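Results of the structural survey
The residues making up each chain are set out below.
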Amino acid sequence: ISGAPVKIGHTTSETTVNDNLTVTGTTTFSSAQVGQRLTIKNLTGTSETLTAAESGKLCLFSDADGAVVTLPDSGDGSLIGVYYDFYVSVAATSNVHRINVADTTNEDIEGYLHVIDGDNATAQATVANRALNSDGFDAISMDGTTTGTVGTNFRITNIAADRWYVTGHLIATGTPSTPFVAS
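Residues numbered from 1 in each chain as written. Predicted model: local features only at pLDDT ≥ 70, side-chain atom pairs only at ≥ 80, totals over all residues. Heavy atoms only, no water.

**Let's talk about the pattern of salt bridges**
If you walk through the whole model with that rule in mind, you get five salt bridges. In this structure, K41 engages E48 in a salt bridge whose closest nitrogen and oxygen atoms are separated by 3.6 Å. Side by side, K41 and E48 carry an identical accessibility label, which is buried. For R163, the salt bridge is made with E110, and the minimal N-O distance between the two is 2.8 Å. Of this pair, R163 sits in strand 11 (residues 163–172) while E110 is found in strand 7 (residues 108–117), placing the two residues 53 residues apart along the sequence. Given a relative accessible area of 11%, E110 falls into the buried group. Residues joined by salt bridges that share partners form a network here, namely K41, E48, E54 and K57. (Salt bridge = Lys/Arg side-chain N within 4 Å of Asp/Glu carboxyl O. Buried < 20%, exposed > 50% of the residue type's maximum accessible area, 1.4 Å probe, protein only. Helix = DSSP H or I, 4+ residues; strand = E, 2+ residues; numbered from the N terminus.)

And the structure:
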């Protein structure tokens, strides 16, 4: 039926779709969506590589031994809009928690990370660390103290081929330092 609304079901029953459903246009929900939950990915291995299919996941750094995460290669431009949220739930006490781009020759991380001195050990309680596309930063490294510890949270989004944008907050102890790294 073209141009006319189609109603399925009624007020006292449920409607189940047992196959694929394609919606073209805007989807509007008039009540809560039951069952929608954020997917959590625990980063407990020493080396993890994220995929585009994992976009939108909350990635938890949850191992004191540290974890190294590699973002998918965004060079062909097909990942625009892919994003990952990160949260440090356990401080790295050996090694570091680190996020690398896949192609350190061409890909860059840009944006701002607001660092908060969680123990007020210095007169400079907060600092905004900036990474410009021209700076050549290709990693974020959190050492468990001055460059990021428990409570650190941020989002990394692919905004163009070879460009990842980061924004968020790092919690530091001691004198806050930049977490941005150029290989």
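**Let's talk about the side chain of T157**
For T157, the location among the structural elements is in strand 10 (residues 153–160). Here T157 is in contact with G81, V82, Y83, R163, W164 and Y165, once residues within four sequence places are set aside. (Contact = heavy atoms within 4.5 Å.)

**A closer look at the nonpolar core**
Within the largest apolar cluster, 28 residues are counted, with the highest numbers of intra-cluster contacts made by F61, L71, F86, F154 and I156. Put simply, the parts of the chain that give this core at least two residues each are strand 3 (58–61), strand 5 (83–88), strand 7, strand 9 (139–142), strand 10 and strand 11. The contact partners of F61, leaving out residues within four places of it in the chain, are L43, A67, V69, F86, Y87, V88, S89, V90, H97, R98, I99 and M142. (Core = buried A, V, L, I, M, F, W, Y, C linked by side-chain atoms within 4.5 Å.)

**Section: the environment of S134**
Its place among the elements puts S134 in the loop between strand 8 (126–131) and strand 9. Residue class for S134 comes out exposed when judged on its relative accessible area of 66%. Separated by 26 residues in the primary sequence, S134 and D108 have C-alpha atoms spaced 8.3 Å apart.

**Considering the pairing of strand 1 (residues 40–43)**
Two faces make up the sheet, and in a regular strand the side chains alternate between them. Here strand 1 shows a clear split, with K41 and L43 buried on one side and none of I40 and N42 buried on the other. Pairing of strand 1 with strand 3, which is carried by four bridges, proceeds in the parallel orientation. For L43, the partnering residue across the bridge sits in strand 3 and is F61. (Pairing = 2+ DSSP bridges.)

**Looking at the sheet that holds strand 2 (residues 47–49)**
Pairing is mixed in the open sheet, where five strands are placed in the order 2-4-6-9-12. Sheet topology places strand 2 and strand 12 (180–181) at the edges, where each strand pairs with a single neighbour.

**Points about the packing of aromatic side chains**
Under the criterion given, the structure shown has four aromatic pairs. Centre to centre, the rings of F61 and F86 are 5.9 Å apart; their planes meet at 25 degrees, and the pair counts as stacked. Here the residue F61 occupies a position in strand 3, and F86 occupies one in strand 5, the gap between them amounting to 25 residues. Summarising the burial analysis for this pair, F61 and F86 share the class buried. Of the aromatic side chains, those joined through ring pairs into one cluster are F61, F86 and F154. (Phe/Tyr/Trp six-rings, centres within 6.5 Å; stacked < 30°, edge-to-face > 60°.)

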